[in-house]
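Residue-level structural notes
Chain by chain, the residues:
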Amino acid sequence: MRAAVLGGGPGGLNIAISLKLRDPSHDVVVIERNKPDDTFGWGVVLSDETLGNLHTNDPVSSKAIRDSFVYWDDIAVHYRGAVMRSGGHGFSGIGRKRLLNILQDRARSLGVKIEFETEAAPVDSYKDFDIVVGADGVNSRVRAAHADAFKPDIDVRACKYIWLGTHQKFDDAFTFIFEETEHGWIWVHAYQFDADTATFIVECSEETWRRAGFDRMNVEETIAACEKIFARNLGGHRLMSNARHLRGSAWLNFNRVLCERWSHKNVVLLGDAAATAHFSVGSGSKLAMESAIALANYLDSEPDIASAFRRYEEERRLEVLRLQNSARNSTEWFEDVERYFDLDPVQFNYSLLTRSQRISHENLRQRDPQWLSGAEKWFEQKATGHIPNSSRPPMFVPFRVRGLELANRVCVSPMAQYRAKDGTPNEWHFVHYAERAKGGAGLVFTEMTCVSPEGRISPGCTGLYTPEHAAAWERIVDFVHAETDAKIAIQLGHSGAKGSTQLGWEESDAPLESGNWPVLAPSAVPWSAQNQMPREMTRADMDQIRDQFINSAKMAARIGFDWLELHYAHGYLMSSFITPITNRRTDEYGGTLENRMRFPLEVFHAVRKVWPDEKPISVRISAHDWIAPEGVRPQDAVEIARLLREAGVDLIDVSAGQTSTRARPVYGRMFQTPFSDRIRNEAGVATLAVGNIYEPDHVNSILMAGRADLVCLARPHLSDPYWTLHAAADLRYDGVRWPKPYWPGRDQLSRLKSRNEALTGKV
C-alpha cells in the first residue's frame, strides 16, 4: 500500500510508524512544510493510558519517549495570594520538539520517507497513492479541500491565549496562576517538559486582552507585558516565544473542530484535522496518536480501505466525543472563570479541579484524601460556623435558610403523581411522601399543587383550595414531622395553557378526550396545535389568580408546611408570562423582561406577605427555553433570578425547558447544573440544582464546587425512596438517621459494605 501522510506532527508520524510496523512493504511518505527542528508549541502532556497504548504499538519509540519525560504529581493553584496544592494527579511531560525528533528518527529507521520544508500539493494530486492521510492540523487544507464531504463544524472559542516558554521550570507541579490586573484577570497554565524549560500559556478574555492593549502589541511587547504581570511567579526568568512565524502578537483563539465525516474516498482525517480538544485538558496529541494506532490497526485487519475507514471512525468517534465533552466543560470554565473570582480559594481550587467532570469528588479522595478532607471541613465550617473534628461529604452538611435548618442537602424533587381525585391527595400520596421522607432526604417537595380546579394540569393533579385538600395534606405533613428528620415543601402552581390535559402516562400534554375545562394564559397562544386556545387574561383574571395563590399559601402555612415553592417554570401559567415565546402582550405585562416579570413578581409579593417570615420561599424557573434566539436564554435567566432575589426570593430552583413544543434541549449528565452555577455565581442567589443527577458523586461535586446550595433528585427517588440512606452507606457515613424499626437493615447493610470492601481490597 502506498500512503501519503500530509503533516508531520505527532499524529502524522505515528500513523507512518504504525503502518510500517504492520507491513514493512508499505510505501509511506510524510510531507511536512517545516524543518525537522521547527515546532511552534512547547510541551506535550501524555497520560499513563496513552503511554501504555504507545508501548503496545511500538515499544522502541515508547521507551525513548518515557526516557525523555519529566514527571510530576501535584497541581498548584495560585489565587488571591494563596497557593493551594493537591496531589495524586500523575502528569508526564515532554518537549514537543523532542517528541517529534524521537518519532522522526523512528519513522526513518523503519523506512518512512519524510520530505521536510515541502508544501503539500492539492489533495487530488496524490492519485498514485492508495490512501491520503490529512494530518495537517486545525487549519487543515485537506479538510478544506473536501469540506462538502467532511462537513466540519468549527467553533471559535471566546478567550485569547498565547503559547510561551520559560526557564522558570515549575518542576514541582502543574501550575495555574490567576492574576488580577487593572485591565481584568489574566491566568497561566504552566508545566515543565524538560530539564530546564516549562510551557507557559497565558490566557484571558477578549475584553481584558483589548483593554490591556495586547491587540496592538507585537510579540516582544507582549512578552514584556506578561513578564511584568507574572514577575513574582517567574523568579527573574524571561519568557520566550517560538511563534515568530505568526503575524501580529501571536495570540490565538482556540478552534473547536468536529467533522461529520472523517473520510472521503481514499482520503482520511487524523488528529486536529478531524477533531480538536482544548489545551486545558492536554489531549490534542493524545487523540492524534491514539487515532493513528486505531487507523493503522483497521487498515491492517479490514478487507478493504473503505471498511477500514468506517471501522476507524466508528471506534474513535465515541472516544473523541467523550474527550471533547470534557474539553468543552473545561473550556467553558475558563471562559466563565470571572464568575468564580468571589469564591474562597478552597472552593475555587475545587471548582477548577472538577471543571471537566472527568474528576469527581470521590476520585479526588483517591488522589489526595488529606486535601479533600480539609476541603470538606472548610465547607462544613462555612455552613455551620463550627470547626469540625472530622470531615463529612458536603451532601450531609446541614443547610440553613431563614429560620429553617435542613439536616442535609439532598432534596426529593417535585414529581407529579396524577393520582388525586378532585384535587384531594389520597393513600397513594401518603405512602409516596412518607416513604421518601423516611429515606433520609433533607427536604421533600410535593408535586405541583394547584391553586384552583381550573389551574390543574390534569384531573389527577393535587390541589390546595378546599378543606378536604387541607386535611389530606395535614395528615402527610404531620407524619413527616413526627417520624422523620425531613422537612416538607409545598410547590404551588397554575397550569395555564398546559391545563386540562391527560394523565402523565397517557398522551402527555394532550387535551382530555372529553370533559375539558377552559384554560387561560397571558396571550392567546395554545400549547400546541392540538391543544385548546387559551383565553387571554384580563386584569380581573390576574387579581383572581393572585388571590388563589394567597389562599393556598395561607392554607399551607396553617397545615405546617416548612417551605413554599412557586412554580414559575415548564410553560405553566407564570412561566408563560416570563418567556416571550408565549407572552405576546402589548400592555405593561408584555414586551420587556421587566414587564413580563411584573405579574409573577406581584404574585410572589402577595404570597410572601401571608407566608411566615421564618420560612423560606423558592421559585422554580426554566433557565433556558432551548429556542434560540427568541426564547429565554441562560443570560436572561440570570436577570430573572436577580429580579426574584431583589424581591426577596430565598432560593432559585433551576430547571430548564418544557416551555414550548419547539424546544430542542441538549441532554446529558447534570445537564441543567451549568444554569444553576451561572445563576448562583452571577446573580448572587442560592440555588437548587436539578436534572439527570443520579449519583452521590454528582451531588457532592455540585455542592463543593459552589454550583448549587441544594441538589434535587427526581427519578432516582422514584426507583429508590431510600436513595439518601443508601448513598450514606456507600460513602461509609453514619450520620444520617434511619427509622428505628429499620436499624437491623442498616446494620446488615453496613456489614455487607465492609465485607465487600475487604474482599475487593477497597479502602
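A short tour of the structure in this document, coming up. Predicted model, so just to flag it, every value in this text is computed and none were measured.

The next point concerns the sheet that holds strand 21 (residues 443-450). Read around the closed barrel, the 8 strands follow the order 20-21-22-25-26-27-28-29; overall the barrel is parallel. Pairwise comparison of adjacent strand axes, ignoring direction, gives a mean angle of 30 degrees for this sheet. With 2 bridges joining them, strand 28 (residues 686-689) and strand 29 (residues 710-713) adopt parallel strand pairing. Along strand 29, the bridge assignment pairs alanine 689 with valine 711. Those strands touched by helix 17 (residues 539-559) are strand 22 (487-493) and strand 25 (563-568), and its axis lies near 165 degrees from that of strand 22.

What follows is about the environment of glycine 463. When you line up the elements, glycine 463 lands in the loop between strand 21 and helix 16 (467-483). On the basis of relative accessible area, glycine 463 is assigned to the buried category, the value being 0%. Residues glycine 463 and arginine 232, 231 residues apart in the sequence, show an inter-C-alpha distance of 64 Å. Residues in contact with glycine 463, not counting those within four places in the same chain, are Gly423, Thr449, Cys450, His469 and Trp473.

To continue, consider the nonpolar core. Core analysis: the biggest nonpolar cluster contains 124 residues, and Phe178, Phe348, Leu566 and Ile679 have the highest contact counts within it. If sequence neighbours within four positions are ignored, leucine 566 has contacts with Leu492, Phe549, Phe604, Val607, Ile617, Ser618, Val619 and Arg620. Listed in part, the 65 residues of the second largest apolar core include Leu6, Val44, Leu54 and Ala294.

With that settled, consider unusual backbone geometry. A cis amide bond links alanine 628 to the next residue, proline 629, at an omega of 0 degrees. Mapped onto the elements, proline 629 comes out in the loop between strand 26 (617-622) and helix 21 (634-647). Although it is not a glycine, lysine 265 sits at a positive phi angle of roughly 55 degrees. Of note, lysine 265 is situated in the loop between strand 16 (263-264) and strand 17 (267-269). Residue class for lysine 265 comes out exposed when judged on its relative accessible area of 70%. Despite not being glycine, arginine 732 has its phi angle at roughly 60 degrees, a positive value.

So, about the packing of aromatic side chains. Taken as a whole and judged by the stated rule, the model has 42 aromatic pairs. Ring centres of tyrosine 79 and phenylalanine 341 lie 6.1 Å apart, and the angle between their planes is 25 degrees; on these two criteria the pair is classed as stacked. Of this pair, tyrosine 79 sits in strand 5 (residues 75-79) while phenylalanine 341 sits in the loop between helix 11 (305-335) and helix 12 (345-353), and the two are 262 residues apart along the sequence. With a relative accessible area of 1%, tyrosine 79 lands in the buried category. Taking the relative accessible area as the measure of exposure, phenylalanine 341 reaches 4% and is therefore buried. Between phenylalanine 174 and tyrosine 191, the ring centres sit 5.2 Å apart and the planes meet at 20 degrees, which makes this aromatic pair stacked. Of this pair, phenylalanine 174 sits in strand 11 (residues 174-181) while tyrosine 191 sits in strand 12 (residues 184-194), and the two are 17 residues apart along the sequence. Of the two residues, phenylalanine 174 and tyrosine 191, both sit in the buried class. When the ring centre of tyrosine 572 is taken as reference, the NZ or CZ atom of lysine 498 above it lies at 4.7 Å. Between lysine 615 and the ring centre of tryptophan 611, over which it is positioned, the NZ or CZ distance is 5.7 Å.

Taken as a whole and judged by the stated rule, the model has 53 salt bridges. Here glutamate 206 ties to arginine 210 by a salt bridge, and the two come within 2.9 Å at their closest N and O atoms. Of the two residues, glutamate 206 and arginine 210 both sit in helix 7 (residues 206-211), 4 residues apart, roughly one turn of that helix. When its relative accessible area of 25% is taken as the criterion, glutamate 206 is described as partly exposed.

Between helix 1 (residues 10-22) and helix 4 (residues 96-109), the least distance of the axes is 9 Å, while the angle of their chain directions is 25 degrees. Classified by the angle their axes make, helix 1 and helix 4 are roughly parallel. Where helix 1 crosses over helix 4, the handedness of that crossing is left-handed. Here Pro10, Leu13, Asn14, Ile17 and Leu21 of helix 1 lie close against helix 4, whose contacting residues are Arg96, Leu99, Leu100, Leu103, Gln104, Arg106 and Ala107. Partitioning the contact of helix 1 with helix 4 into residue classes produces 8 nonpolar, 2 polar and 2 charged.

Moving on: the packing of helix 15 (residues 427-438) against helix 16. The angle between the axes and the distance between the axes are what describe a pair of packed helices. Running from amino to carboxyl end, helix 15 crosses helix 16 at an angle of 20 degrees, the nearest separation of the two axes being 10 Å. It follows that helix 15 is roughly parallel to helix 16 by the angle criterion. Taken as a pair, helix 15 and helix 16 cross one another with a handedness that is right-handed. Here Glu427, His429, Phe430, Tyr433, Ala434, Ala437 and Lys438 of helix 15 lie close against helix 16, whose contacting residues are Trp473, Arg475, Ile476, Phe479 and Val480.

Here we come to the sheet that holds strand 4 (residues 70-72). Taken in spatial order, the 3 strands of this open sheet run 3-7-4, and their pairing is antiparallel. Because the sheet does not close on itself, it has two edges, and the strands there are strand 3 (43-45) and strand 4. Direction aside, neighbouring strands of the sheet carry axes that sit 30 degrees apart on average. Two elements, strand 3 and strand 7 (residues 91-95), share 3 bridges in a ladder whose sense is antiparallel.

Procedures and definitions
- Residues numbered from 1 in each chain as written.
- Predicted model: local features only at pLDDT ≥ 70, side-chain atom pairs only at ≥ 80, totals over all residues.
- Heavy atoms only, no water.
- Pairing = 2+ DSSP bridges.
- Helix = DSSP H or I, 4+ residues; strand = E, 2+ residues; numbered from the N terminus.
- Axes fitted to C-alpha atoms, helices over the stretch in contact; angles between N-to-C directions.
- Contact = heavy atoms within 4.5 Å.
- Buried < 20%, exposed > 50% of the residue type's maximum accessible area, 1.4 Å probe, protein only.
- Core = buried A, V, L, I, M, F, W, Y, C linked by side-chain atoms within 4.5 Å.
- Phe/Tyr/Trp six-rings, centres within 6.5 Å; stacked < 30°, edge-to-face > 60°.
- Lys NZ or Arg CZ within 6 Å of the ring centre and 35° of its normal.
- Salt bridge = Lys/Arg side-chain N within 4 Å of Asp/Glu carboxyl O.
- Parallel < 35°, antiparallel > 145°, perpendicular 65-115°, else oblique.
- Left-handed = near helix turned anticlockwise from the far one by under 90°.
- Nonpolar A, V, L, I, M, F, W, Y, C, P; charged D, E, K, R; others polar.

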